[in-house]
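An overview of the molecular structure
Given next are the chains, with one letter for each unit.
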Amino acid sequence: MVKAPDCKWSQRSDKVMLTLNVPNLDAAKTNVNITETAFSFKSEDFELKFDFFGPVNPADSKWNVGARDVQFVFMRKEAGEYWDKLQKGSKILTLKVDWDKWKDEDEQNNDDMDMSGFDNFDFGGGGGGDMPDSDDDDEDDDAIPGLEEEGSKPDEEEEKK
């Protein structure tokens, strides 16, 4: 019986990525068809078909077979706003968002944050690195009546008896 593979998807403004969890896939026994509007994948045990939410460029799209999965990169026909979902029509029950690869629209141009200016920040001593030891200069270390350290005045109590 052929079933739909577990799959994950993510996107950027110019491409859409899809990973199908299909272990030990024999590429010679696999049929993949990518058109501008549709995708189909069929192997011995798995099958997946859907219409893309928007147009893609099949000539620039690529796929790679790994030991446990098949990864696809579909180049969008025109870069632009993110798609609401991967496919048109009904929900694919085995499809989930790939949060490991997902980048929000406002993050995608900030792939590597420049941290070079962070090393000289002065946090006002909040980290305590250069602060003096607070026990050295405490002027209000008066004794609290009724509290005594152990062994400090046992002789006085014995003298009163």
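What comes next concerns the included structure. (Residues numbered from 1 in each chain as written. Predicted model: local features only at pLDDT ≥ 70, side-chain atom pairs only at ≥ 80, totals over all residues. Heavy atoms only, no water.)

**Quick look at the sheet that holds strand β4 (residues 38-42)**
Sheet architecture is open: three strands sit in the order β3-β4-β5, paired in antiparallel fashion. Each edge of the sheet is formed by a strand with only one pairing partner; in this case those strands are β3 (31-34) and β5 (47-51). Neighbouring strand axes in the sheet, compared pairwise and without regard to direction, differ in orientation by 5° on average. Looking at chain direction, β4 and β5 are connected through five bridges and run antiparallel. (Pairing = 2+ DSSP bridges. Helix = DSSP H or I, 4+ residues; strand = E, 2+ residues; numbered from the N terminus. Axes fitted to C-alpha atoms, helices over the stretch in contact; angles between N-to-C directions.)

**Topic: the pattern of salt bridges**
All told, the structure shown has two salt bridges when counted by the stated rule. The salt bridge involving E47 is made with K49; its shortest N-O contact spans 3.6 Å. Residue classification places E47 among the partly exposed residues on the basis of a relative accessible area of 27%. (Salt bridge = Lys/Arg side-chain N within 4 Å of Asp/Glu carboxyl O. Buried < 20%, exposed > 50% of the residue type's maximum accessible area, 1.4 Å probe, protein only.)

**Here we look at the sheet that holds strand β7 (residues 70-76)**
Strands sit in the order β6-β7-β2-β1-β8 across an open sheet of five strands; the sheet is mixed. What marks the edges here is a single partner per strand, and that holds for β6 (56-65) and β8 (95-97). Going across the sheet, the axis of each strand differs from the next one's by a mean of 20°, ignoring polarity. Here strand β2 (residues 15-21) runs beside β7; their pairing, made up of six bridges, is antiparallel.

**Section: the nonpolar core**
Within the largest apolar cluster, 24 residues are counted, with the highest numbers of intra-cluster contacts made by L18, L20, F39, F52, F72, F74 and L86. For this core, the secondary-structure elements that each account for two or more residues are β1 (6-11), β2, β4, β5 and β7. For F72, the residues in contact, after removing those within four places along its chain, are V16, M17, L18, L20, V32, I34, F39, F41, K62 and W63. (Core = buried A, V, L, I, M, F, W, Y, C linked by side-chain atoms within 4.5 Å. Contact = heavy atoms within 4.5 Å.)

**Some points on the environment of K49**
When you line up the elements, K49 lands in strand β5. Look at K49 and you get exposed, because its relative accessible area is 60%. For the pair formed by K49 and A38, sequence separation is eleven residues and the distance between their alpha carbons is 7.6 Å.

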